[in-house]
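Each chain, letter by letter, is given below.
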Amino acid sequence: MPPEKSCTGVFSHYEKEAFFMARTQKSTALYAHPFSKAYWCDAAAELKDVKMLVITALMIALRVALKPLAIPLGPQMSIQTAMLATALGAMIFGPVVAIPAAIISDTIGFMIFPTGDYFLPFVLTEIASTMIYALCLYRAKTSPMRVMLSRFLICFLVNVVLQQLIFAWQYTYLGNPDKAKDAIMGITTIARLFKNLFFFPIESVVLTLFLKVLMPVTNRAKLTYGTVSEMKFTKKVIAIMVCLVLVGAVSSVGYLTYYYDNNSITKDYTAEEVVEMNHKVHDVICQQESAVAADKTVAVIEYASKPFMGKETTYTVALYQAVEGAEITDAMWSYKKTPASKDKNLTLLATATIVLDNKTDEVLSFNIEYLQ
């Protein structure tokens, strides 16, 4: 309703100012759930708020900057610190702004820190993750339970299901239906489930602590409106988190056992380690087989199996001999399986199986089979 006119029949300056302030004042309402028209109206209104757009740009920049940074926890296991910026930004600007923010951050992030081949549909994982954070945390009474719910949905709906479906889409697009089928089947693999069961509780605790520290700051800046007291760790919440951490610990053991039993540790070798380990197994072969010409052969580790918590490592090694007129070069010591097999200056001489003690490098077992 417009203000009533003064006795002079004209709106006063203060009446006009109060009227327009009432119309432009930003809502600070909190919602129990995102399934209401008012919630989405407030979320859409963030697109017209210049201050919010500036904050969004800063959140995108922080998200991109944190993209290459991770906290390593084990083989193929690390906490991506960019999730902290993603969650904080989504809690501030909501689900409507979340979509362009996710697209921009993913695109810029790939341009600055490229990883693999660019495939546009992968942006859907960024959009989905940011939207889940926003739906759980924006204009809500933020609590540890809501944070845990957001991480649970992301770990299993995005990381397990959506990501694998997009991999299948990519393989289909590239004309590799077999890999596409494997990607779809990978949704239910024990390793993937174990890995996400491990990450979910740890990331939930880290994210809860992060938001708990920053919420007083964002509240004072009038970027969020939740009650900080809601983020307190009650006995119930602590008990749930302890149980989740225990589940995560058990899952990590399961994942690492599966990983070590089904993957070669050479996947994690640096270029320097490849050279060092090829020399190492070559020395073992030369010690065990005096007939091998050390200056005319090169060893290439094809597979290295190390059981989780095991005391020894089993190496499957290809022993190559330089063809007549060729010499062993330094570059050959950096070979893995495929490059070595394609080098026309090398011919496969034998395959050896070597078991070494991890602490002493003592040869526990040695077997070699000559091909000629």
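Residues numbered from 1 in each chain as written. Predicted model: local features only at pLDDT ≥ 70, side-chain atom pairs only at ≥ 80, totals over all residues. Heavy atoms only, no water.

A. Representation of the confidence of the model for the protein. When pLDDT is averaged across the protein, the result is 86; 91% of the residues are at 70 or more. Considering each helix and strand of the protein separately, the mean pLDDT is smallest for helix α1 (residues 13-24), with a value of 47, and largest for helix α5 (residues 123-137), with 95. Across residues 4-9 the pLDDT falls below 50, and counting only partners more than four positions away or on other chains, this stretch makes 5 contacts in the model. Low pLDDT (under 50) marks residues 14-23, which in the prediction has 8 contacts with non-local residues, meaning those over four places away or in another chain. (pLDDT = per-residue confidence, 0-100. Helix = DSSP H or I, 4+ residues; strand = E, 2+ residues; numbered from the N terminus. Contact = heavy atoms within 4.5 Å.)

B. A look at a negative patch on the surface. A surface patch of like charges, here negative, comprises D268, E272, E273 and E276. Checked against the element boundaries, E276 lands in helix α10 (residues 271-288). For E276, a relative accessible area of 51% corresponds to the exposed category. (Patch = residues over 30% accessible without salt bridge, like charges linked within 9 Å, V, L, I, M, F, W, Y side chains within 5 Å. Areas by Shrake-Rupley, 256 points an atom, 1.4 Å probe, with all protein chains shown as cover. Salt bridge = Lys/Arg side-chain N within 4 Å of Asp/Glu carboxyl O. Lys, Arg positive; Asp, Glu negative; His and termini not counted. Charge placed at Lys NZ, Arg CZ, Asp CG, Glu CD. Buried < 20%, exposed > 50% of the residue type's maximum accessible area, 1.4 Å probe, protein only.)

C. Examining the packing of α5 against helix α6 (residues 144-173) more closely. Taken N-terminus to C-terminus, the directions of α5 and α6 make an angle of 160 degrees; their axes are 9 Å apart at the nearest point. Overall, the two elements α5 and α6 adopt an arrangement that is roughly antiparallel. When the axes of α5 and α6 are compared, the crossing they make is right-handed. Across the interface between the two elements, L124, T125, A128, S129, I132, Y133, L135, C136 and L137 of α5 pack against R146, V147, L149, S150, R151, L153, I154, V158, L162, Q163, I166 and W169 of α6. For the contact of α5 with α6, the residue count by class is 15 nonpolar, 4 polar and 2 charged. (Axes fitted to C-alpha atoms, helices over the stretch in contact; angles between N-to-C directions. Parallel < 35°, antiparallel > 145°, perpendicular 65-115°, else oblique. Left-handed = near helix turned anticlockwise from the far one by under 90°. Nonpolar A, V, L, I, M, F, W, Y, C, P; charged D, E, K, R; others polar.)

D. Seen up close, the pairing of strand β4 (residues 312-322). With 8 bridges connecting them, strand β3 (residues 297-305) and β4 associate as antiparallel partners. What sits directly across from V298, in β4, is Y320. Hairpin connection from β3 to β4: 6 residues lie between these consecutive antiparallel strands, with M309 at a positive phi of about 65 degrees. (Pairing = 2+ DSSP bridges.)

E. The arrangement of the environment of V317 in detail. Tracing the sequence through the fold places V317 in strand β4. Apart from residues no more than four positions distant in its own chain, V317 is found in contact with V281, I285, A299, V300, I301, A350, T351, A352 and I354.

F. Broad picture of the pattern of salt bridges. Within the structure shown, the criterion is met by 6 salt bridges. For R151, the salt bridge identified is with E203, shortest N-O distance 2.4 Å. Placement of the pair is R151 in helix α6 and E203 in helix α8 (residues 190-220), with a sequence separation of 52 residues. Per residue, the accessibility class of R151 equals that of E203, and both read buried. Close ionic contact of E327 with K296 constitutes a salt bridge, the shortest N to O distance being 3.5 Å. Of the two residues, E327 is situated in the loop between β4 and α11 (337-342) and K296 in the loop between α10 and β3; the sequence distance between them amounts to 31 residues. Because the salt bridges share partners, they merge into one network encompassing D42, E46 and R139.

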